[in-house]
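Here is how the chains run, residue by residue.
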Amino acid sequence: MKLPLFYYDHPILRQKALLVTEVTDEIRQLIRDMEETMDAAASIGISANQVGKLLSVCLVRYPIEDEYGNYSRAPTKVYINPKLSNPTKQTWVHDEGCLSIPKLYVDVERPVGITVVALDENGNEFTEQLTGWAARVLMHENDHLNGKLFIDRLTKKQRNQIDPALRAIDKKYNR
Ligand code: NI
């Protein structure tokens, strides 16, 4: 079932997700619903608080770029209680968007690589070393689980430039 999305500047997007204590069928149903919601928007990631659930669950479909520069999305990957560590010193800048901040794309600087430890949807722990797009998307979703948005990572100048657009989104979706 497709779930309703929560938009900037709804307070739930600023709250920290709670750790999942047991991966139950209810959690797996939430994951399926989040996947449907993500796919309906052709998005590459979604976190549970974006659909109103304060749980540490996020999904990503990593973008894959072909030799002609066209993007497709990899199959859905589930991260429950993700813990990120060892960000690389090297960073890169690319524009990001967000389901909760429609139609706004802004350059964000992030580390090139990251290590993640998480549970899969069967409750099994796994570790991954991610680089490039995979690292970027997971860091974006992990930010959501910590009550952070990509707009918090902009320079003051960038933020000032998009403030009118942010106010318009808040007015359109929350008032
Ligand atoms: Ni987002």
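It should be noted that the structure appears before, not after, this text.
Computed from a predicted model, the values in this text were never measured in an experiment.

Here we come to the sheet that holds strand E8 (residues 113-119). Within the open sheet, the five strands sit side by side as E1-E2-E5-E8-E9. Their pairing is antiparallel. With partners counted over all chains shown, the strands left at the sheet margins are strand E1 (45-47) and strand E9 (125-131), one partner each. In this sheet, adjacent strand axes meet at a mean angle of 40 degrees when their direction is disregarded. Relative to strand E2 (residues 57-60), E1 is paired through three bridges, and the arrangement is antiparallel. Paired with Ser 47 across the bridge in E2 is Cys 58.

We now examine the coordination of the nickel ion. Around the nickel ion, the protein contributes the donor atoms Cys 98 (SG), His 140 (NE2) and His 144 (NE2), at 2.1 to 2.3 Å from the metal centre. Summarised as a motif, the one-chain spacing of the donors to the nickel ion is C-x41-H-x3-H. With Cys 98 in strand E6 (residues 91-98) and His 140 in helix H2 (residues 132-145), this pair connects stretches of sequence that are 42 residues apart. Accessibility classification places Cys 98 together with His 140 in one group, the buried group.

For the rest of this paragraph, the subject is the pairing of E6. Two strands pair when backbone bridges link them, and E6 and strand E7 (residues 101-111) are joined in this way by seven bridges, in the antiparallel orientation. Within the sheet, the bridge partner assigned to Trp 92 lies in E7 and is Arg 110. Hairpin connection, E6 to E7: the antiparallel pair is bridged by two residues.

Going from Tyr 8 to Asp 9, the amide bond is cis rather than trans, its omega being 5 degrees. Here Asp 9 shows up in the segment before helix H1 (25-40). Of note in this structure, Ala 42 is not a glycine but carries a positive phi near 50 degrees. Note that Ala 42 resides in the loop between H1 and E1. Backbone geometry at Lys 103 places phi at a positive 65 degrees, although glycine is not the residue there. The residue Lys 103 is located in strand E7 in this model. Residue classification places Lys 103 among the exposed positions, given a relative accessible area of 75%.

General note: in soluble globular proteins, nonpolar side chains tend to be found buried as a group. If you look at the biggest cluster of nonpolar residues, it comprises 19 residues, and the most contacted ones within it are Ile 31, Met 34, Ile 46, Val 51, Val 57, Leu 59 and Ile 80. Within the residue set of this core, elements represented by two or more residues are H1, E2 and strand E5 (77-85). The element best represented in this core is H1, accounting for five residues. Not counting the four nearest positions on each side in its chain, Leu 59 is found in contact with Ile 31, Met 34, Glu 35, Met 38, Ile 44, Gly 45, Ile 46, Thr 76, Lys 77, Val 78 and Glu 141. In this structure, Cys 58, Ala 74, Ala 134 and Ala 135 belong to the second largest nonpolar core, which totals 17 residues.

This brings us to H1. Counted at 1.5 Å a residue, the expected span for H1 with its 16 residues is 22 Å, and the 23 Å between its end C-alpha atoms agrees. Of the positions making up H1, those classed as buried are Ile 27, Leu 30, Ile 31, Asp 33, Met 34, Thr 37 and Met 38. Contact partners of the buried residues in H1: E1, E2, strand E4 (71-73) and E5. Just beyond H1, the residue with positive phi is Ala 42, at close to 50 degrees.

Thresholds applied
In this convention, every chain numbers its residues from 1, walking through the sequence in written order. Restriction of local features to residues with pLDDT of at least 70 applies here, the model being predicted, together with a cutoff of 80 or more for giving and counting side-chain atom pairs; totals for whole chains, interfaces and linings are based on all residues. Note: side-chain values were computed over all heavy atoms of the structure, leaving out hydrogens and water. A strand pair is defined by DSSP finding two or more bridges across the two strands. Here a strand is any run of E in DSSP of at least two residues, a helix any run of H or I of at least four, and the numbering for each starts at the N terminus. The axes used here are C-alpha line fits, helices contributing only the stretch in contact, and every angle between their N-to-C directions lies in the interval 0 to 180 degrees. In this listing, donors mean N, O and S atoms no farther than 2.8 Å from the metal, or 3.2 Å for Na, K and Ca; water is missing from the atoms, so a site can look incomplete. Each residue gets one of three labels from its accessible area relative to the maximum for its type: buried under 20%, exposed over 50%, partly exposed in between, using a 1.4 Å probe on protein chains only. What makes a nonpolar core is a set of buried Ala, Val, Leu, Ile, Met, Phe, Trp, Tyr and Cys residues whose side-chain atoms join them at distances within 4.5 Å. Contacts are assigned to residue pairs that have any heavy atoms within 4.5 Å of one another. Any helix carries an expected span of 1.5 Å times its number of residues minus one.

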